[in-house]
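Architecture at a glance
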Amino acid sequence: MKVSSIGGTIVDTNVANENKFYMRECLYSKFKYILEKLHSTDYYLRHEQSVINFIYPAGTEPAGPAAMAAASNVFLLRCIVARQDFPLPRLFNAMVAIFSAYPDRDYCMMLMSVKYRASKSYLEVMQYFMPVASRPSSLSSLDDVFITHRSTIFGEISLYKLEKEDVAHVHNLALGNLPSNTQTPNSSSSSFSYCSKVNEREELEHELHVLDAIMKDVLENEFSEFAVFTIRCGISTRSVRENTAIGFVIVREFHSHDKLFEHYHLPRQEYQLNRRRAEIISLRLHPLFLVSAGLIFRDLARKTSFYDYYFIHSVDGYKYSNDLKKMMMVVEPKPIKKVPVFTRVQADHKKPRKKLNLPPPNFSRDNMIIYRHKLNPVKWFTNSQKLVIIGFSAVTKAFLRQLVFQWNSKDHKNSENFTCLTRLQVTVICRAGIVEADYDSLFKCPYCTNSQGCYLSYRNESCYVRDCCMRIDLRSWVHFVPGKVEKVDRDKKFVKLDSCEIYYDKLLLMCDRLFVLRCIDVPVYSRRPCNLVEINFRLNKFLLFYKVRALLEDMPRTYLVLVYGNNLHTYECIAFLIGHGVDCSRMVFVQPHRITGRDADMKEKCPYWDKNLQMIMDDILVEKGVNIFTDYDFHHYNLHKSTDFIMEVIFQHFPTQKQMTFECDLFISFQEGHLHQRHKQWLENSGIELDGNEILVNERYQTNDPDVYAAGSFIKMRITPNYQYKFVSERELARKILHHLGIVTDKNFEDRFAEPVLFQAILPLRYFITKVTMPRRYLLSQLPVIVNCNLTTYKNKTFCRVGLSTRMMVDEIVVVTKKECNLDFLLYFCGKHELLLNKLKSRYRANLIHCFLKFFQEPWTELIMHDDFEELQAENKELLSPMAISALSRPGRGALGELTDMDFFTLNKRYIELKLLSFLREHRRDFRHKFALPEDFLKLDLADYERYMDTEENDSSSDFSET
């Protein structure tokens, strides 16, 4: 059989339409242009040759190298080494002496080789230097350059209140190097066109408008909420005008700390800082004085009495300048949200304001990066080994986040005593456009009113991974290199790209992909068909969006879209196609045969597949007119004889082996495959051992090379373990790799996985699914998934399913709802016993639970979601386990012989209750709902008794007076 895209009917296989490609030649050109444009490195990094003219005083020397050397104003610090017992902070005196040795030179320069490790003395002196950005070059392994100025060492920095004469200086400092005659591009399509460049001029114009309004308010209003200071360098004893203006800062009191605490990892017990917190609106500073951040903040605290400074960098809205944000500590978002986060229609804040009106941030919905400085000394955190990561997957993001915030802990030990800054030696290699697309905030879909709920911006991972691109910018610490890997030299320890060589101490392979279409007849390095789409990154979603638009414009009635797959990702893509103009009758949905069995998918929990829900969605799509073909596996596709355009795709039915051919204009594949064939080629050439399409690793995730690690869904343990290691939490997997690398060790480390994994997607009819699954800790003793106990509820268009294992542990939570919200808080309840969840099963049998989503939002759940609840459980287990084992193993029960089993149960129950009450007393302020304690009832009874006694006394006194 053969399905034609021209007539939309089944035709004879012998009938060939030779004019099909020529009818679509314009469409092919657009597809090819879109693919080459967004995958081209030149679209993001353009190679331009520029000529720089240096003007220097020639003096008496003739023009040439000798004159340039005589006019040089810089000297090079080649090496500095201190004894092991020498106090490193005193190296500042060495810098003073070094500048004194060169009185005619104003600049000092240092070089750091990429091949050798820097000493502690070298790193200590580096805090007085600023890095110099290198120009794009074809040369590899260039040394890092650092430079500092004499005034940074000898100059005195002071802050002065704003005066009318300083307004012009503030304008000049705010403009910086941006030319004032830059024209703002005006394009009607710029609102939804993908672009990696920020409209810097528009942002600056808005900032200047806000600065003018603030300065006017400060100069005219004595009780203004803002405070503006100019930063000057010189001699503090002289007048203000004799010191050079090098920057300015605008602050106001920060009132949103309580709201910030709910979504970011901050200590609550800081009541001494109430009314002592400030928000930095804008701060500009000459780059040579970035190393003086501590002096500036301390002087600002002395002038304003603020001791805790915050800077809010908006990702979606208008951005304000802060040149010292690199010297401020980034506040990490909370790893798991404790409440549902509802998405909303993002209002367009980019409108000119006639008066000063800074909208308050919404910390639950807005995407923003929070910086903080508490006047503490700076402490740098780094990794001693040079890490090179291939791939930018979800595991990569979780790994980089834990590496950046390696100083962060539950007790805030480092962040309370230091300003924790991170300097990493990490390089990430990935295809051009992948990182840029993940961090793109300018793209707006013209079909969707809510950008948060649009398929192009919707992210399927948990908030721990989502926040890596929405509330953290990893590009501030990590060096990203676009390119394709050609080979890995394990002897010389470098990765060869098409443009450079990158050396490593440890190499991490994290380039797994969710979907890879495997075609046997296609060569590995052949060109990718321009009408084939695989959704592995957000960049692929942009490619699909533009190709669908081109398809609907060129062929509005004769197109055919072919979708292949059998997982929740597939249905999410179909919902996107239906919502963006694709007619259901012009869509063909082919589902492969899924192999199931006790030793395959039946024991491993997969969050991307749900048999029962997918059967319901198939019925919904059939009613809408989508043609569905089941149990057809992909066989191969045929290209046009002279172009890379897929003309037809051939599938083979299971088990009849009958083939079916589909003509298509756009082929979207969700065939599950985790190792790309191009990656497999250079892995084999590098000598990395593979088993088919999987990388062989040991229990430490090391390949046959101990310096090469692999993590993701494309690995296979050499010795098959008795636990699930695929489809696990990215956060937990990253933590295990950091432990094996020796960077961040875990005291309670175990090989098994104990944290649930979350998946969310948009389904047809605008339903949202959130699925939380628990990886199997013991595979051999587990029964197939289908025999588990499932509890379901349905109310107000919200379907919930809770799966219980044979030991009554919650190992799956599924919610399908019309509400547009992120339900990450469900991660707290997966993996818990049903008795711990307020006797979930008994309440369900008694018809007391009408909606599990509402049940998990009741006040008692705050106790389980508390950060210290696991420690409470560990303490109870440590104390009760020996008592229980001793009581059960002793035949005569010895000293406990007089106690019955009920007495033993009552004794331990009373102990647990006392521990719980003390826990509630200690953390009572942390809960949004107030829990009633026994002393509350005692106070209530005393109040009633006193009220009764007062009434009695009043009655007796009134009787006496009447008498």
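Coordinates for the structure precede this section.
Residues numbered from 1 in each chain as written. Predicted model: local features only at pLDDT ≥ 70, side-chain atom pairs only at ≥ 80, totals over all residues. Heavy atoms only, no water.

Here the focus is the pairing of strand S4 (residues 107-112). Here S4 shows one buried face, formed by Cys 108, Met 110 and Met 112, and one open face, formed by Tyr 107, Met 109 and Leu 111. In the sheet, strand S3 (residues 74-77) pairs with S4 via four bridges, with the strands oriented parallel. Paired with Leu 77 across the bridge in S4 is Met 110. One crossover worth recording links S3 to the parallel S4 by way of helix H4 (residues 91-101), and it is right-handed. Here S4 runs beside strand S6 (residues 144-149); their pairing, made up of six bridges, is antiparallel. Across the sheet, the residue bridging to Met 110 is Phe 146, located in S6. (Buried < 20%, exposed > 50% of the residue type's maximum accessible area, 1.4 Å probe, protein only. Helix = DSSP H or I, 4+ residues; strand = E, 2+ residues; numbered from the N terminus. Pairing = 2+ DSSP bridges. Right-handed = clockwise from strand over helix to strand, strands pointing away.)

Strand order across the open sheet formed by five strands is S19-S18-S16-S23-S34, with parallel pairing between neighbours. Each edge of the open sheet is held by one strand with a lone partner, namely strand S19 (479-482) and strand S34 (708-710). For this sheet, the mean angle separating the axes of adjacent strands, direction not counted, is 20°. (Axes fitted to C-alpha atoms, helices over the stretch in contact; angles between N-to-C directions.)

So, on to the pattern of salt bridges. Taken as a whole, this structure holds 47 salt bridges when the rule is applied. The salt bridge involving Arg 232 is made with Asp 166; its shortest N-O contact spans 3.0 Å. Of this pair, Arg 232 sits in strand S8 (residues 226-234) while Asp 166 sits in the loop between strand S7 (156-161) and helix H7 (167-175), and the two are 66 residues apart along the sequence. Of the two residues examined, Arg 232 and Asp 166, each falls in the buried class. The structure contains a network of salt bridges with shared partners spanning Glu 163, Glu 165, Asp 166, Arg 232 and Arg 241. (Salt bridge = Lys/Arg side-chain N within 4 Å of Asp/Glu carboxyl O.)

We now examine helix H18 (residues 677-685). Note on helix geometry: an α-helix contains 3.6 residues per turn, so any two residues three or four positions apart are oriented the same way. Along H18, the positions that sit buried rather than exposed are Arg 678, His 679, Lys 680, Trp 682 and Leu 683. Gly 687 lies just past H18 and shows a positive phi near 85°.

Turning next to unusual backbone geometry. In this chain, Phe 654 is followed by Pro 655 through a cis amide linkage whose omega measures 10°. Its place among the elements puts Pro 655 in the loop between strand S29 (646-653) and strand S30 (659-663). Residues other than glycine seldom take positive phi values, yet Leu 375 does so here, at roughly 65°. Topologically, Leu 375 is positioned in the loop between strand S14 (368-373) and strand S15 (378-381). A positive phi angle, close to 65°, is found at Met 808, a residue other than glycine. Its place among the elements puts Met 808 in the loop between strand S39 (798-804) and strand S40 (810-817). Its relative accessible area of 18% is what places Met 808 among the buried residues.

On their own, these measurements won't tell you what the molecule is for.
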